[in-house]
Amino acid sequence: MEKNWWKHAVVYQIYPRSFADSDGDGIGDLPGITSKMDYLEELGIDVIWLSPVYRSPNADNGYDISDYRDIMEEFGTMEDFDRMLETAHAHGIKIMMDIVINHTSDEHPWFTESRQGRDNPFRDYYIWKDPGENGTAPNRWESSFSGSAWTYDEGTGQYYLHLFAEKQPDLNWENEEMRQKLYEMMRWWRDKGVDGFRFDVINLISKDPAYPEGEELGNGLTSHTCANGPRIHEYLKEMNAAVLEGHSLITVGECPMVDEEMAKLYSGEDRNELNMIFHFEHVSGSLKHPGKYGKWDAPAMDLPELRDILVRWQKGLADEGWNSLYLSNHDQPRCVSRFGDDSAGYRDLSAKMLGTVMHMMRGTPYIYQGEELGMTNPRFEKIDQYRDVESLNIHHKLTVEEGLPEEQVMAYLKEVSRDNARTPMQWDSGDNAGFSTGTPWIGINPDYVEINAEKERKDPDSVFNYYRKLIRLRHENDVIVEGRFDLLLPEDKNIFAYTRTLGEEKLVVLCNFSSKIVDIPEEIRGLLRGEVLIGNYKEAGKEYLKPYEAVVYKQSLR
Ligand code: TEU
């Protein structure tokens, strides 16, 4: 296998709970995924990123693991997993496991032991601290899901750290024995034949041993001091040597609070850490106009702000490191609702435009299930329709503790709740969108009658068939994978334009982020030559771009 095969790959994320339910319990499962392998092969993706399927009490839908070597009951058995893996491989599709090693569930046997007593052999597997003065938490770090990141344990008189929910205690990576057990577990999955790992919040595993207060950042991960700690690179190199080296796997580390300089350290080719990382800068809500309540009330970014970030990363990792390209995942609202326009008239056009702008960049693209159909935010109206621990906690905090009106908080959730991405996959226009014969664990977006896979597979002009083409083009054109990135029209308010160049081939990519007809500035009209590689209108723009138009010209420089 080619060493850097993952640079040519397109990854598709499956959130198993919401993908396909084979047994009618309303919860997606592994046999459901196996049954959709033909669909994924038709789409043309190379790798599935499988959100966690390990045994879990589901305080955070599987991101709280209680047994790393077993499968969540609702998802099936280890035999179902093996069958899925085998079927994927038979379809030419690789499987990248999502692995959560910054924390476990509080129901993991290591933690149930750890909280038994201060001299329990597992005590040091987690982060326990004495109370501060007056019995308060050791520092003011906040959980990403609201409230203090420390929970007091009556039994042993100390606090334990959880950067996420109370039921997700952070592991203590300072403990070497614990680290070795994690590596052994990952080798076990590797030797089973999985093709890579997506490491959940991996840059949080090393903490500053002084546990400093840090800056207050508002709601969310309050303190920079909990990320990119002093031993982070040492741990990643150690894990690489113990698990990854010599195996040609795909690896991506989820990294909140990093910039491009840090990304080079995490993903530089000769650094022996990770292939690439996910950063959050472009999905954090406007940083120019930060909200009072973090991501919840930050306005969406406009094109100039979004473009500045994406371009900075394209340039930043041009010679060293590698980008991952994404606008959506299971933690983000639907990209067409956030960055495009999901009203009926522009939904398809803007979904295709967003696909174009990302898939023509340098890096490895990630598609989140349903994105290839142009799925939209359901914008649930009532709090009892929400399931996500983050949404339920922030709703409580803002309404009860801060006294904000219900409608205001619901307006935040409708735009940015993670549940917007978690409604079931829309397979057809039948009962429950073809997702399940039972009652789905979370509501289905009523737009499934219009937006569904069955319909889009048949329609040559659908978002689905447009994504198929984007994926095929990447496989067929090295310039998309390797080409140099150069920005055009850096000040334009509506058009995101750039070129990609490799040897004698050049692509010119133009995307209109607005619902207006916009003139193509004179200065670049001369560039619009050659064949139209892909575009979302029948006639490609040369003098002006139609609403949400995207077009890619390909030319030979010979
Ligand atoms: O997410 C980590 C993370 O920082 C976010 O994307 C998080 O959802 C956001 O800060 C909330 O505002 C990862 C997983 O992707 C997420 O689903 C888990 O809940 C989280 O880690 C804990 O394991």
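Residues numbered from 1 in each chain as written. Predicted model: local features only at pLDDT ≥ 70, side-chain atom pairs only at ≥ 80, totals over all residues. Heavy atoms only, no water.

S.K.: Looking at this structure, I do not really get the site of the ligand. What am I missing?
M.R.: Around the ligand, the structure places 19 residues, and the nearest of them are Asp-60, Asp-200, Asp-331, Glu-390 and Arg-418. Here the ligand loses 93% of its free accessible area of 490 Å² to cover by the protein chains. Taken together, the residues that form the shell around the ligand break down as six nonpolar, four polar and nine charged. (Near = heavy atom within 4 Å. Areas by Shrake-Rupley, 256 points an atom, 1.4 Å probe, with all protein chains shown as cover. Nonpolar A, V, L, I, M, F, W, Y, C, P; charged D, E, K, R; others polar.)

S.K.: Quick question: what am I supposed to make of the pairing of strand E2 (residues 47-50) here?
M.R.: On a regular strand, each side chain points to the face opposite its neighbour's, so the side chains alternate between the two faces of the sheet. The alternating pattern of E2 places Val-47 and Trp-49 and Ile-48 and Leu-50 on opposite faces, both of which are buried. As paired strands, E2 and strand E5 (residues 94-99) are joined by four bridges and run parallel to one another. Following the sheet pairing, Val-47 is matched in E5 by Lys-94. (Buried < 20%, exposed > 50% of the residue type's maximum accessible area, 1.4 Å probe, protein only. Helix = DSSP H or I, 4+ residues; strand = E, 2+ residues; numbered from the N terminus. Pairing = 2+ DSSP bridges.)

S.K.: What is the right way to read the pattern of salt bridges from this model?
M.R.: Scanning the model with the defined rule gives 47 salt bridges in all. A salt bridge links Asp-60 to Arg-418, with the nearest nitrogen and oxygen atoms 3.1 Å apart. Residue Asp-60 is located in the loop between strand E3 (54-55) and strand E4 (67-71), and its partner Arg-418 is located in the loop between helix H12 (406-416) and helix H13 (453-458); the two are separated by 358 residues in the primary sequence. As far as the burial class goes, Asp-60 and Arg-418 line up, both buried. Across the pair Arg-190 and Asp-191 runs a salt bridge whose closest N-O atoms are separated by 3.0 Å. Of the residues examined, Arg-190 reaches a relative accessible area of 15% and is grouped as buried. Taking the relative accessible area as the measure of exposure, Asp-191 reaches 55% and is therefore exposed. Taken together, the salt bridges that share partners define one network made up of Asp-60, Lys-295, Asp-331, Asp-388, Glu-390, Arg-418 and Arg-422. (Salt bridge = Lys/Arg side-chain N within 4 Å of Asp/Glu carboxyl O.)

S.K.: Whenever I open this one, the environment of Glu-74 confuses me. Can you help?
M.R.: Mapped onto the elements, Glu-74 comes out in the loop between E4 and helix H3 (78-90). Look at Glu-74 and you get partly exposed, because its relative accessible area is 25%. Taking the C-alpha atoms as reference points, Glu-74 and Val-53, 21 residues apart in sequence, are found 9.3 Å from one another. Those residues within four positions of Glu-74 in sequence are excluded, and the remaining contacts are Arg-17, Asp-25, Ile-27, Gly-28, Asp-29 and Asn-58. (Contact = heavy atoms within 4.5 Å.)

S.K.: It is not clear to me how the packing of aromatic side chains should be interpreted in this structure. Could you clarify?
M.R.: Counted under the stated rule, the structure contains 33 aromatic pairs. An angle of 90 degrees between the planes, with centres 5.7 Å apart, marks the rings of Phe-380 and Tyr-386 as edge-to-face. On the basis of relative accessible area, Phe-380 is assigned to the buried category, the value being 6%. One aromatic cluster is present, built from ring pairs that chain together Tyr-54, Tyr-68, Phe-81, Trp-110, Phe-122, Tyr-125, Trp-188 and Trp-189. In this structure, Arg-123 packs its charged tip against the face of Trp-128, placed 3.6 Å from the ring centre. Across the ring face of Trp-188, the terminal group of Lys-192 is positioned such that the distance to the ring centre comes to 5.5 Å. (Phe/Tyr/Trp six-rings, centres within 6.5 Å; stacked < 30°, edge-to-face > 60°. Lys NZ or Arg CZ within 6 Å of the ring centre and 35° of its normal.)

S.K.: So what exactly am I meant to see when it comes to the sheet that holds strand E9 (residues 196-199) here?
M.R.: Consider a sheet: its strands pair through backbone hydrogen bonds, and that pairing is either parallel or antiparallel. Pairing is parallel across the open sheet formed by eight strands, whose spatial order is E11-E10-E9-E5-E2-E1-E13-E12. The open sheet has two edge strands, strand E11 (276-278) and strand E12 (324-325), and neither has a second partner. Sheet topology note: the strand E1 (residues 11-14)/E2 ladder contains four bridges and is parallel. If you follow Ile-14 over to E2, its bridge partner there is Leu-50.

S.K.: What exactly am I supposed to notice about the layout of surface pockets here?
M.R.: To locate leftover empty space, one rolls a probe as large as a water molecule over the atoms. Looking at the second largest pocket, its volume works out to about 620 Å³. Along its surface, the second largest pocket is lined by 35 residues, and Lys-352, Pro-460, Asp-461, Ser-462 and Tyr-466 are the ones closest to its centre. Sorting the residues of the lining of the second largest pocket by element identifies helix H2 (37-43), helix H10 (347-359), H13, helix H14 (463-476), strand E18 (531-535) and strand E20 (550-556) as the ones contributing at least two each. Top contributing element to the lining of the second largest pocket by residue count: H14, with seven residues. Class assignment for the residues of the lining of the second largest pocket results in 14 nonpolar, six polar and 15 charged. (1 Å grid on protein atoms, 1.4 Å probe; cavity = no way out; pocket = protein on both sides within 12 Å on 5 of 7 lines; lining within 4 Å. Points joined across faces, edges and corners; volume = space filled by probe spheres on them.)

S.K.: Explanation requested: helix H7 (residues 260-267) in the structure shown.
M.R.: A turn of α-helix holds 3.6 residues, and therefore any two residues three or four places apart point the same way. Among the residues of H7, those classed as buried are Glu-260, Ala-263, Lys-264, Tyr-266 and Ser-267. Considered in projection along H7, the buried side chains sweep an arc of 165 degrees and stay on one side of the axis. In this structure, the buried residues of H7 make contact with helix H6 (232-244), E11 and helix H8 (303-316). The N-terminus of H7 is capped by Asp-259, whose side-chain oxygen sits 3.1 Å from the backbone nitrogen of Glu-261. (Arc of directions from axis to C-beta. Polar contact = N/O pair within 3.5 Å; in protein donor to acceptor, adjacent residues only side chain to side chain.)

S.K.: Quick question: what am I supposed to make of the environment of His-395 here?
M.R.: Topologically, His-395 is positioned in helix H11 (residues 389-401). Using a relative accessible area of 10% as the deciding quantity, one classes His-395 as buried. Leave out the neighbours within four places in its chain, and His-395 touches Ile-383, Val-400, Glu-406, Val-409, Met-410 and Leu-413.

S.K.: Explain the packing of H10 against H14 to me, please; I cannot follow it from the model alone.
M.R.: Axis angle and axis distance: for two packed helices, these are the angle between their axes and the distance between the axes, and together they describe the pair. Across the interface, H10 lies against H14 with an axial gap of 10 Å and an inter-helix angle of 15 degrees. As judged from the angle between their axes, H10 and H14 are roughly parallel. Relative to H14, the crossing made by H10 is right-handed. Contacts between H10 and H14 involve Asp-348, Ala-351, Lys-352, Gly-355, Thr-356 and His-359 on the former and, on the latter, Val-463, Tyr-466, Tyr-467, Leu-470 and Arg-474. Tallied by class, the residues present in the contact of H10 with H14 amount to five nonpolar, three polar and three charged. (Axes fitted to C-alpha atoms, helices over the stretch in contact; angles between N-to-C directions. Parallel < 35°, antiparallel > 145°, perpendicular 65-115°, else oblique. Left-handed = near helix turned anticlockwise from the far one by under 90°.)

S.K.: Would you mind going over H10 with me for this structure?
M.R.: The end-to-end C-alpha distance of H10, which contains 13 residues, comes to 18 Å, matching closely the 18 Å that a straight helix rising 1.5 Å per residue would cover. Among the 13 residues in H10, twelve count as buried, and that is most of the element. (Expected span 1.5 Å × (residues − 1).)

S.K.: In this structure, what is going on with the sheet that holds strand E16 (residues 505-512)? I would like to understand it.
M.R.: Spatial strand order, E14-E15-E16-E20-E18: five strands in an open sheet with antiparallel pairing. With partners counted over all chains shown, the strands left at the sheet margins are strand E14 (484-488) and E18, one partner each. When strand polarity is set aside, the average angle formed by the axes of neighbouring strands in this sheet is 20 degrees. Looking at chain direction, strand E15 (residues 495-502) and E16 are connected through eight bridges and run antiparallel. Paired with Thr-499 across the bridge in E16 is Val-508. Across the sheet, H8 touches E14 and E15, and the angle it forms with E14 is around 155 degrees. Along the sheet face, H10 touches E15, E16 and E20 and points at about 145 degrees away from the line of E16.

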